[in-house]
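An overview of the molecular structure
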Amino acid sequence: RKTREALTSEISSTLFENLDEETWEKLEEALIAADVGARTTAEIVEQLEQEADRGELTGGEQLTARLTELLANVARVGDSRIDLTAGPTVLLMVGVNGTGKTTSVGKIAWHLRKELDQKVVLGAADTFRAAAVEQLEEWSRRAGVDFVKGPPDSDPGSVAYEAVAQGVRDRADVVMVDTAGRLHTQDNLMAELAKVRRVIAKQIPDAPHEILITVDATTGQNGLRQAKLFAEAVDVTGIVLTKLDGTAKGGIALAIARELGIPVKLIGIGEQLEDLRPFDPDDFAKALLS
Amino acid sequence: MFDSLAEKLQATLADVRGRGTLTEDDVNAAMREIRLALLEADVNFKVVKRFTNAVKERALGSDVIGQLNPGQQVVKIVNDELSALMGGESEELKFSSSPPTVILMAGLQGSGKTTATAKLARYLREQHRSSVAVAACDVYRPAAVDQLVTVGGQAGADVYERGTDADPVAIAKWALDRASREGKDVLIIDTAGRLHVDENLMTELAEIKRATSPTDILLVVDAMTGQDAVNVAEQFAEVVQFDGVVMSKLDGDARGGAALSVKSVTGKPILFASTGEKLDQFERFHPDRMAQRILGMGDVLTLIEKA
Ligand SMILES: Nc1nc2c(ncn2[C@@H]2O[C@H](COP(=O)(O)OP(=O)(O)OP(=O)(O)O)[C@@H](O)[C@H]2O)c(=O)[nH]1
Ligand SMILES: Nc1nc2c(ncn2[C@@H]2O[C@H](COP(=O)(O)OP(=O)(O)OP(=O)(O)O)[C@@H](O)[C@H]2O)c(=O)[nH]1
Ligand SMILES: [Mg+2]
Ligand SMILES: [Mg+2]
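Just so you know, the residues in each chain are numbered from 1, in the order the chain's sequence is written. Labels follow written order: the first chain is A, the first ligand is 1, and so on. Only residues with pLDDT of at least 70 get local features here, since the model is predicted, and only at 80 or more are side-chain atom pairs given and counted; chain-wide, interface and lining totals rely on the full set of residues. With hydrogens and water stripped out, all remaining heavy atoms of the structure feed into the side-chain values.

1. So, the sheet that holds strand β6 (residues 244-248) of chain B
Residues and elements named next belong to chain B. Two strands form a pair only when DSSP identifies at least two bridges running between them. A run of H or I in DSSP becomes a helix once it reaches four residues, and a run of E becomes a strand once it reaches two; helices and strands are each numbered from the N terminus. Judged by pairing direction, the sheet is mixed, and its eight strands sit side by side in the order β3-β2-β4-β1-β5-β6-β7-β8 without closing on themselves. The two strands at the open ends of the sheet, each matched to only one other strand, are β3 (158-160) and β8 (282-284). Across this sheet, the average inter-strand angle for adjacent strands is 25 degrees, counted without regard to direction. Two elements, strand β5 (residues 216-222) and β6, share five bridges in a ladder whose sense is parallel. The partner of Val 221 across the bridge, within β6, is Met 247. The axes are straight lines fitted to the C-alpha atoms, using for helices just the contacting stretch, and the angles between their N-to-C directions are given from 0 to 180°.

2. Examining the site of ligand 2
In this text, near means that some heavy atom of the residue lies within 4 Å of the molecule or strand in question. Taken together, 23 residues lie near ligand 2, and Lys 113, Thr 114, Thr 115, Arg 141 and Glu 277 of chain B sit nearest. In this structure, ligand 2 is bordered by residues of chains A and B. Whenever two N or O atoms come within 3.5 Å, that pair is a polar contact, provided that in protein one can donate a hydrogen and the other can accept it, and provided that, for residues adjacent in sequence, both atoms are side-chain atoms. Within the backbone of Gly 110 of chain B, a nitrogen or oxygen atom sits 2.9 Å from an oxygen atom of ligand 2. Interatomic distance of 2.5 Å between a side-chain N/O atom of Thr 115 of chain B and an oxygen atom of ligand 2. Areas reported as accessible are Shrake-Rupley estimates using a 1.4 Å probe. Residue values count occlusion only from the protein chains shown. Relative to its unbound accessible area of 650 Å², ligand 2 is 96% covered by the protein chains. The dominant element in the shell around ligand 2, judged by the number of residues it contributes, is helix α5 (residues 113-128) of chain B, at four residues. Only Asp, Glu, Lys and Arg are considered charged, only Ala, Val, Leu, Ile, Met, Phe, Trp, Tyr, Cys and Pro nonpolar, and every remaining residue, Gly among them, polar. Across the shell around ligand 2, the residue classes break down as two nonpolar, 13 polar and eight charged.

3. Re the side chain of Lys 101 of chain A
All names here are of chain A. Within the secondary structure, Lys 101 sits in helix α5 (residues 101-116). Type-normalised accessible area, obtained with a 1.4 Å probe on protein chains alone, sets the label of each residue: buried when under 20%, exposed when over 50%, and partly exposed for intermediate values. Here the positive residues are Lys and Arg and the negative ones are Asp and Glu; neither His nor the chain ends is included. Salt bridges are defined as contacts in which a side-chain nitrogen from Lys or Arg sits within 4 Å of a carboxyl oxygen from Asp or Glu. Asp 178 provides the closest opposite charge to the buried, unpaired Lys 101, separated from it by 6.1 Å. For this analysis, residues touch if any pair of their heavy atoms sits within 4.5 Å. In this structure Lys 101 touches Met 93, Val 94, Gly 95, Val 96, Asp 178, Thr 179, Ala 180, Gly 181 and Thr 214, once residues within four positions along its chain are discounted.

4. Points about the site of ligand 1
Taken together, 22 residues lie near ligand 1, and Gly 100, Lys 101, Thr 102, Thr 103 and Glu 271 of chain A sit nearest. Chains contributing residues to the immediate surroundings of ligand 1 are chains A and B. One of the side-chain N or O atoms of Glu 271 of chain A is found 2.6 Å from an oxygen atom in ligand 1. Within the side chain of Gln 109 of chain B, a nitrogen or oxygen atom sits 3.5 Å from a nitrogen atom of ligand 1. Among the elements that make up the shell around ligand 1, the one with the highest residue count is α5 of chain A (four residues). Class assignment for the residues of the shell around ligand 1 results in two nonpolar, 12 polar and eight charged.

If you want it as structure tokens, here you go:
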């Protein structure tokens, strides 16, 4: 299976041979093609054009270097680490339908247990989608971590409550709560999510310590709306940028970083347990244009 | 601030009124707005280029003395061209003269295949009084079979599954034999999500096709997809020559430029719109409505009528 080529390939230095009208057009197209969006693209191109006008950039190689630096700087916002000092640290996973929440919860759990020897509890608060509970249960088995579910048709808040309660009782290091996919336009479902968060905060005042939104790398400009409305509903702390193993570059994450200041924290590069990586702005910037 | 492209074009071309003809500068200014609106809607940039060239040619050739002001005129041209590109009439599924009709569902991970499989089963049962079976050929994703058992059952379809130990191609072949034996009108095959660049899984899909000779192959595309939609569609078209598209998650606020991109690069019609998580949120696709959605031009006709 193809996995990581997309991340490791570098921009060929021949992408921009020199600096002329055509160069700027090519650059613009490359950014648009990566889903960076027309507005963010225009600003980046304009800045580089100005630098070139001032004589700070002479030639394609310099342009490429400066461009990657600029893109990486845009992507480098906020704190991209996940703080695990609270006991237990509570992590809430949110996002629109099918973007990779449940899979990412499974991957993170495995990583925490295997690499950091943490005790982890997963809470199956997607009580809506068919077989969502069974799906998370299978991930908990693969990851070798504990699992909490409610009776059929239970309220997501009560499952989240139970999972955190068990985490506290068992002195777990991390509790992760998976939630149902929902479109950011569904007000009632967004209110439900806010309630899940409040229920968690009732048990541990600072919790959830981390609220991650999954953004599918194939998402276009709608990703910005998704991040904005989820952030308004539950104070999102970071992004898991999933499905970067395809040909999509995930450029919308750049627009999100620039306009909303939400950092990407992790990336998904496949469907297996080990297909999760920390986000590296420099690698991301290079891969955007490759 | 102007929200819709229609309003932006009105504003851009406001002072042309009464001048009689659109100059090249007027048209270029209008094209910039159109280009931005289309890119914002996630229409692929190559498709945008072709499209604006076509619109530009028509706009330059047209005079503006008629009933419409220049802004309205350009809006109308854009709307006409976009509707033409999207395809005029909504198209239909094909049905086999020797049942079962076999429908193969394919697409990227999480695009909405399993949900669409159940929705289509329900739709065919209700609209065509068909007896429907669905086959569970996703043996990879955790609980994918359970999911289809649940939603297929809710749709009133028989769910053919053999767990996760069998090979998807073998399951598909077995399901087809069983559907024939049991006299089903329709068999819908749900498959695992796969990346268009995943050679093994794309080969598997081609083998499922070879083993079942589907009447229709449907590509399920998420309405929120960005610029990559054309790569995905082109690759799936090359490997399995799909017949039509299901656009999913159209209940959100994505403009859905992916629809235009996919239609434009593959020529395949979009047959169905999936508009929610519930099984009855599924309908035939209307190209004209999509054209207006992409441009945020729901008010085009009112604007033109006001002229
Ligand atoms: N190629 C690839 N597939 C992924 C990745 N992450 C998740 N997937 C797949 O995407 C599909 C959806 O993943 P889920 O984890 O079920 O997504 P979800 O957000 O929980 O979905 P809902 O709960 O239905 O909203 C599954 O087929 C996953 O195997 C990734 O990084 N790469
Ligand atoms: N809002 C909305 N959600 C949808 C729609 N269609 C599917 N979904 C949701 O999207 C998520 C993924 O749908 P699935 O049908 O499981 O997608 P899939 O393509 O079978 O996914 P994989 O098998 O993992 O590749 C689920 O949460 C569905 O409920 C739709 O039209 N609107
Ligand atoms: Mg899930
Ligand atoms: Mg599925």
